[in-house]
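Close look at the chain arrangement
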Amino acid sequence: MTALITGASSGIGEELARLFAADGEDVVLVARSESKLNELANQLSKSHSITATVIVIPGWKNRLMVTSTSFVPRFVTRKLVARMQRT
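Here's a quick rundown of the structure. Here the residue numbering is sequential within each chain, running from 1 through the sequence in written order. In keeping with the model being predicted, local features are shown solely for residues with a pLDDT of at least 70 and side-chain atom pairs are shown and tallied solely at 80 or more, while totals for entire chains, interfaces and linings include all residues. The side-chain values count all of the structure's non-hydrogen atoms but skip hydrogen atoms and water molecules.

Some remarks on the overall build of the protein
When helices and strands are counted, the protein shows three helices and three strands. Secondary structure is summarised from DSSP: a helix means a run of H or I of at least four residues, a strand means a run of E of at least two, and numbering begins at the N terminus for each. For the protein, the succession of helices and strands along the chain, N to C, is β-α-β-α-β-α. The proportion of buried residues among the 87 residues of the protein is 29%. The contact criterion used throughout is that any non-hydrogen atoms of two residues lie within 4.5 Å. When contacts within the protein are restricted to residue pairs at least 6 apart in sequence, those whose partners lie at least 24 apart make up 60%. Relative accessibility thresholds used throughout: buried, under 20% of the residue-type maximum; exposed, over 50%; partly exposed, between the two (1.4 Å probe, protein chains only).

What follows is the structure, encoded as structure tokens:
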């Protein structure tokens, strides 16, 4: 599976990218900060032997991303709980 992660240069998006990569899943990282995305992609690729693709969207700041409010929290919670159980 490949995970598409928006806002991957920091915060929740960055942490989700790390969680998916730690599970061995390829990631597509999307955000405005090219340098941060490239740095994260390099880290994840080397640490987890996955493919990390970078997509930079300049001027994305004022656009609204709409996601499913029921799917995302459940999915993120499952990922975080699974991660905590492994440590």
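Now, onward.
Points about the pattern of salt bridges
By salt bridge we mean one thing: a side-chain nitrogen of Lys or Arg within 4 Å of a carboxyl oxygen of Asp or Glu. Evaluated as defined, the whole model comprises one salt bridge. For Glu14, the salt bridge goes to Arg18, with nearest N and O atoms at 2.8 Å. Here Arg18 and Glu14 lie together in helix 1 (residues 11–22), a separation of four residues that amounts to about one turn.

Focus: the nonpolar core
Side chains of a nonpolar character, in soluble globular proteins, are inclined to be buried together. Core analysis: the biggest nonpolar cluster contains 17 residues, and Ile5, Val27, Leu29 and Leu44 have the highest contact counts within it. Elements represented by at least two residues in this core include exactly strand 1 (2–6), helix 1, strand 2 (26–31) and helix 2 (34–48). Here this core takes five residues from helix 1, the largest share from any one element. Excluding residues that lie within four positions of it along the chain, Val27 makes contacts with Thr2, Ala3, Ile5, Ala17, Phe20, Ala21, Leu44, Ile50, Thr51, Ala52 and Thr53. Here, nonpolar core means buried Ala, Val, Leu, Ile, Met, Phe, Trp, Tyr and Cys residues that are tied together by side-chain atoms lying within 4.5 Å of each other.

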